[in-house]
Amino acid sequence: LPLSIAAAVSPTSLLLLLAILMAKEGQVRNGMAYIAGGLLAYVGILFVVLFSYDRAASLSKPPHNLLHGTVDLVLAAIALGILVYLLQKGKSAGPRKPTKLPQGIFAYMMFGASVRVASANTIPPFISAVKAVAGAELAVTAEAVALSSVVLVTMLPLIAPFILFLFNQEKALALLTPVGDFLT
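Throughout, residues of each chain are indexed from 1 in the direction in which the sequence is written. Thresholds applied to this predicted model are a pLDDT of at least 70 for local features of residues and 80 or more for the giving and counting of side-chain atom pairs; totals over whole chains, interfaces and linings are not thresholded and use all residues. The side-chain figures draw on all heavy atoms in the structure; neither hydrogens nor water molecules are used.

(A) Just unusual backbone geometry, in detail. The phi dihedral of Glu137 is positive, around 55°, even though this residue is not glycine. Numbered from the N terminus, helices here are DSSP runs of H or I no shorter than four residues, and strands are runs of E no shorter than two. As for its position among the elements, Glu137 is in the loop between α6 (123-134) and α7 (140-167).

(B) Expanded view of the environment of Leu164. With respect to the helices and strands, Leu164 occurs in helix α7. Buried residues are those whose accessible area, probed at 1.4 Å on protein chains only, stays under 20% of the maximum for their type, while exposed residues exceed 50% and partly exposed ones sit between those limits. Given the relative accessible area of 34%, Leu164 is considered partly exposed. The spatial distance from the C-alpha of Leu164 to the C-alpha of Leu175 is 9.7 Å, given a sequence separation of 11 residues. Here, residues are in contact when the closest pair of their heavy atoms is within 4.5 Å. Ignoring sequence-local partners within four residues, the contact set of Leu164 consists of Ala172 and Leu175.

(C) Representation of the environment of Val133. When you line up the elements, Val133 lands in helix α6. Using a relative accessible area of 12% as the deciding quantity, one classes Val133 as buried. Separated by 10 residues in the primary sequence, Val133 and Glu143 have C-alpha atoms spaced 6.6 Å apart. What Val133 contacts, discounting residues up to four positions off in sequence, is Leu138, Glu143, Ala146, Leu147 and Val150.

(D) Molecular detail of the nonpolar core. We define the nonpolar core as a collection of buried residues of types Ala, Val, Leu, Ile, Met, Phe, Trp, Tyr and Cys that are connected through side-chain atoms lying within 4.5 Å of one another. Counting residues in each nonpolar core, the largest one holds 33 residues, and the members touching the most others are Ile35, Ile45, Leu46, Phe126, Val130 and Leu158. If you list the elements that add at least two residues to this core, you get α2 (11-21), α3 (27-52), α5 (105-117), α6, α7 and α8 (169-183). Sequence-distant contacts of Ile35, defined by excluding residues within four places in its chain, comprise Leu17, Met155, Leu158, Ile159 and Phe162.

(E) Seen up close, α7. Here α7 contains 28 residues, and its C-alpha end-to-end distance of 36 Å is more than 12% below the 40 Å for a straight helix at 1.5 Å per residue. What the bend at a residue measures is the angle between two axes, fitted to the seven residues ending there and to the seven starting there. At Leu156, α7 shows its strongest bend, of approximately 60°, with the proline Pro157 following within four residues. Considered for burial, the residues of α7 that qualify are Glu143, Leu147, Val150, Val151, Thr154, Met155, Leu158, Ile159, Pro161, Phe162 and Phe165. The span you would expect from a helix comes to 1.5 Å times its residue count less one.

(F) Region of the structure containing α2. Of all the positions in α2, only Ser13, Leu14, Leu17, Leu18, Ile20 and Leu21 are classed as buried. All buried residues of α2 lie within an arc of 160° about the axis, which places them on one face of the element. By arc we mean the arc of the directions from the helix axis to the C-beta atoms, nothing more.

(G) Expanded view of the side chain of Asn30. Within the element layout of this structure, Asn30 appears in helix α3. As used in this structure description, the phrase polar contact means that two N or O atoms lie within 3.5 Å; if the pair is within protein, one of them must be able to donate a hydrogen and the other to accept it, and residues adjacent in sequence are counted only when both atoms belong to side chains. A polar side-chain atom of Asn30 sits 3.2 Å from a polar atom in the side chain of Arg29. Excluding its chain neighbours within four sequence positions, the residues that come into contact with Asn30 are Ile20, Glu25 and Tyr108.

(H) Inspection of the packing of aromatic side chains at higher detail. Pairing of aromatic rings covers Phe, Tyr and Trp, the last counted by its six-membered ring, and requires centre-to-centre distances within 6.5 Å; plane angles under 30 degrees mean stacked, over 60 mean edge-to-face, and any other angle means tilted. This structure, assessed with the given rule, holds 3 aromatic pairs. Judged by centre distance (5.8 Å) and plane angle (50°), the ring pair of Tyr34 and Phe111 falls under tilted. One end of the pair, Tyr34, is in helix α3; the other, Phe111, is in helix α5, and 77 residues separate them in sequence. Using a relative accessible area of 1% as the deciding quantity, one classes Tyr34 as buried.

Purely geometric stuff here, so don't read any function into it on its own.
Here it is as structure tokens:
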């Protein structure tokens, strides 16, 4: 649960969802596609981690799993690369062009998936949460419930505002606008 909560913290994802919900048209359709893309990304990562995780390893003899070491090293290199890129981008203080949101349902799904996959602060805790559940030696049903909970808790900061928006758009925007201003 703590790793899932850590993976849920993504201000960029929430800001982009708020931008989608404040658009002039297609808020529900595009918001749903954006969230579905994020869910698909996390489910894909979940399956990659599950199929690459060595469940047969005993706790007394820790495995020297080259695959996991390589994945951890690649994730660290990507996070470092993103950090260097952001620092370089911050130095070139030019006027920012307003970004346009994508067009079409598939574009929003890919947008949601790419934002979640590229989020360097959410992927490592998510992978660790999936590894923790997979290594717990649970029954298949309990493991499925636990993994579903990991995905749900991780996506909750996007799902909750969207559901609020579905029930009352005006109140949702009135509540979410100050949150968006704070996050910005």
